[in-house]
Amino acid sequence: MITLAPRPGATRLLPPQKSPLSPEITAVGGGFVLSTGGHGKSQLRPFPSSTPRDSFPGWTPAGGQQESTTAGDGTERPGVRGEAADPVSSDQPVAGPAETGESVFAHVPVMAGEIVALFAEVPPGLIVDATLGGGGHSEALLSSRSDISVLGLDRDPAALAAARARLARFGDRFEARHLRFDHIGEALGGSRAAGVLFDLGVSSHQLDRPERGFSYRAGGPLDMRMDPASTLTAADVVNTYEETELARVLRRNADERFASRIARAIVGARPLHDTAELAATIISAIPAAARRSGPHPATRSFQAIRIEVNSELEVLAPALEAAIEGLTPGGRIAVLAYHSGEDRIVKSVLREAARTSPRGRPDLPPPPGFSPRLRLIRSAGRRPSEAEMAANPRSTSARLRAAERI
Ligand SMILES: C[S@@+](CC[C@H](N)C(=O)[O-])C[C@H]1O[C@@H](n2cnc3c(N)ncnc32)[C@H](O)[C@@H]1O
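Residues numbered from 1 in each chain as written. Predicted model: local features only at pLDDT ≥ 70, side-chain atom pairs only at ≥ 80, totals over all residues.

Colleague: Looking at this structure, I do not really get the sheet that holds strand S15 (residues 399-405). What am I missing?
Modeller: Remark on secondary structure: sheet strands pair via backbone hydrogen bonds, oriented parallel or antiparallel. Reading across the sheet, the 7 strands line up as S11-S10-S9-S12-S13-S15-S14 and stay open at both edges, with mixed pairing between neighbours. Among the strands making up the open sheet, the edge pair consists of strand S11 (174-178) and strand S14 (374-376). Sheet twist, expressed as the mean angle between neighbouring strand axes with direction ignored, is 20°. Pairing between strand S12 (residues 193-199) and strand S13 (residues 327-337): 6 bridges, direction parallel. Bridge pairing in S13 places phenylalanine 198 opposite valine 335. Helix-sheet contacts for helix H3 (residues 157-167) involve strand S10 (148-154) and S11, and the interaxial angle to S11 is about 170°. The sheet strands contacting helix H12 (residues 312-325) are S12, S13, S14 and S15, and the helix crosses S13 at an angle near 155°. (Pairing = 2+ DSSP bridges. Helix = DSSP H or I, 4+ residues; strand = E, 2+ residues; numbered from the N terminus. Axes fitted to C-alpha atoms, helices over the stretch in contact; angles between N-to-C directions. Contact = placed C-beta atoms within 7 Å.)

As structure tokens, then:
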């Protein structure tokens, strides 16, 4: 469950409000008025905002953490979910480092050129950036068209603060809310969006702050919560889960082939106190030969535990469904996934919504009332260009899927 209690200096957590003046007008947070006209397209006009511009809490450029993935086609694709040292190739609209007063956020948004091109086709109105992070994609989108606004969601207050500072110059065209993305319907408050973007997974900031406990590279607490107000922590998972359950988590969330051995080692080493101890325990359980090549041996286990702590797979399908339901006709959904488990869910939800005949009966004409809700923009997922992968290793495992609301 998402915690909606406000914290000092963190985020504004207003529920959407129906305007008493007209059922067609909905205020989303404090920054926009969305008017859904008879033609069904959302139009957005600003109204005076009281959004506090939070100070930036020290978001540092990332060093890059390997996140090993298995892509949808089953091939192993070690990737880096961190910052690239080099800039992205010049054909990408790269959002540069954002001066925030206290630090610099130097995040290169993945496949930003493709994302901007996808949303260039949507009707004017509101784009929901469901995974705002440092606001790189939002910045590219807001810069690309003057007739769109962006509502950014994130479960991490630090991300919201960074994005607010970065995007302040867009005024009332940008709003950020502390919300888990499966609550997208609540954020829209009955209005329709012209687009929804998901850039799944963890941010560079989260990986690179040792105190957040996401990284095997630096010693930190066993935390891994994207929302520091949520209850389950990595310590709970590694110190209290049954051995079989732990093995299941490692297998299901990261295809870890040494899941049983690692689970046994973790249970034998309890209580574990920090990420360094956890990483050492995982490494000790992996045969020496398997440790010599590929990504860091703790990559998959850390990824699996993080996914468990944040219920990342459980919330994804309901969030995609809510996003599809919240789109105006002609509106688009775009999803960047970074590992096979996520990508399988994305592919399945989009394909199901684009189905032109009932499941298992492609031979029969659709029954009355059966109609697809989506048109797939490309049935296969797209991958970053070689140039982008070379320039931004973080993009290596990305797979982009997109569809348009009918
Ligand atoms: C890969 S980063 C996004 C980076 C962003 N596109 C940019 O260009 O800066 C993913 C972000 O999504 C957030 N996130 C992950 N799962 C979420 C969820 N279920 N609800 C809301 N935010 C989530 C994370 O906290 C993180 O900040």
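Colleague: Any chance you could explain the nonpolar core here in plain terms?
Modeller: The nonpolar side chains of soluble globular proteins are, as a tendency, buried together. Counting residues in hydrophobic clusters, the biggest one holds 61 residues, and the most contacted among them are Ile127, Val128, Ala130 and Val196. The biggest single contributor to this core is H3, with 8 residues. Isoleucine 127 has contacts with Phe119, Leu141, Ile148, Val150, Ala193, Ala194, Gly195 and Leu197, leaving out every residue within four places of it along the chain. Residues Met224, Val238, Ile262 and Ala298 belong to the second largest nonpolar core, which totals 28 residues. (Core = buried A, V, L, I, M, F, W, Y, C linked by C-beta atoms within 7 Å. Buried ≥ 20, exposed ≤ 12 C-beta atoms within 10 Å, placed from the backbone.)

Colleague: How should the packing of H12 against helix H13 (residues 340-353) be read in this particular structure?
Modeller: Two packed helices can be described by the angle between their axes and the distance between those axes. The N-to-C vectors of H12 and H13 enclose an angle of 30°; their axes lie 10 Å apart at closest approach. By the angle between their axes, H12 is roughly parallel relative to H13. Regarding H12 and H13, the two cross each other, and that crossing is right-handed. Taken together, the residues of H13 that come into contact with H12 (itself represented by Leu313, Leu316, Ala317, Leu320, Glu321 and Ile324) are Gly341, Glu342, Ile345, Val346, Val349 and Ala353. Within the contact of H12 with H13, the residues separate by chemical class into 9 nonpolar, 1 polar and 2 charged. (Parallel < 35°, antiparallel > 145°, perpendicular 65-115°, else oblique. Left-handed = near helix turned anticlockwise from the far one by under 90°. Nonpolar A, V, L, I, M, F, W, Y, C, P; charged D, E, K, R; others polar.)

Colleague: Where do I start with the site of the ligand in this structure?
Modeller: In the vicinity of the ligand, 20 residues are found, and the nearest of them are Pro109, Thr131, Gly133, Gly136 and Asp199. When the residues that make up the shell around the ligand are grouped by side-chain class, the tally is 6 nonpolar, 9 polar and 5 charged. (Near = placed C-beta within 6 Å.)

Colleague: How should I be thinking about the packing of helix H7 (residues 243-254) against helix H8 (residues 259-269) in this particular structure?
Modeller: Relative to each other, H7 and H8 sit at 135°, their axes nearing to 8 Å. Looking at the two axes, H7 sits oblique to H8. Crossing geometry of H7 relative to H8 is assigned as right-handed. The residues of H8 that touch H7, namely those facing Glu243, Leu246, Ala247, Leu250 and Arg251, are Ala259, Ser260, Ile262, Ala263, Arg264, Ile266 and Val267. Taken together, the residues of the contact of H7 with H8 break down into 8 nonpolar, 1 polar and 3 charged.

Colleague: Whenever I open this one, helix H1 (residues 112-119) confuses me. Can you help?
Modeller: Given 3.6 residues per turn, any residue in an α-helix points the same way as the ones three and four places further on. Those residues of H1 that fall on the buried side of the exposure criterion are Ala112, Glu114, Ile115, Leu118 and Phe119. Looking straight down H1, one finds that the buried residues subtend no more than 160° of arc, so they occupy a single side. Tucked inside the fold, the buried residues of H1 contact strand S9 (125-129), helix H2 (136-144), S12, S13 and S15. (Arc of directions from axis to C-beta.)

Colleague: Help me understand unusual backbone geometry in this model?
Modeller: Both trends apply: most residues other than glycine have a negative phi, and most peptide bonds are in trans. Here the bond from arginine 270 into proline 271 is cis, since omega is 0°, no more than 30 degrees from zero. By secondary structure assignment, the location of proline 271 is in the loop between H8 and helix H9 (275-285). Positive phi is not limited to glycine here, since serine 311 has a value of about 50°. In this structure, serine 311 sits in the loop between helix H11 (299-309) and H12.

Colleague: Would you mind going over the pairing of S9 with me for this structure?
Modeller: The side chains of a regular strand alternate between both faces of the sheet. Burial analysis of S9 places 5 of its 5 residues in the buried class, the great majority of the element. Across 5 bridges, S9 lies against S10 in parallel orientation. Bridging from a neighbouring strand, aspartate 129 pairs with glycine 152 of S10. Between the parallel elements S9 and S10, the chain passes through H2 in a crossover that is right-handed. Taken together, the 3 bridges between S9 and S12 define a ladder with parallel strand orientation. Of the residues in S12, the one forming a bridge with valine 128 is valine 196. (Right-handed = clockwise from strand over helix to strand, strands pointing away.)

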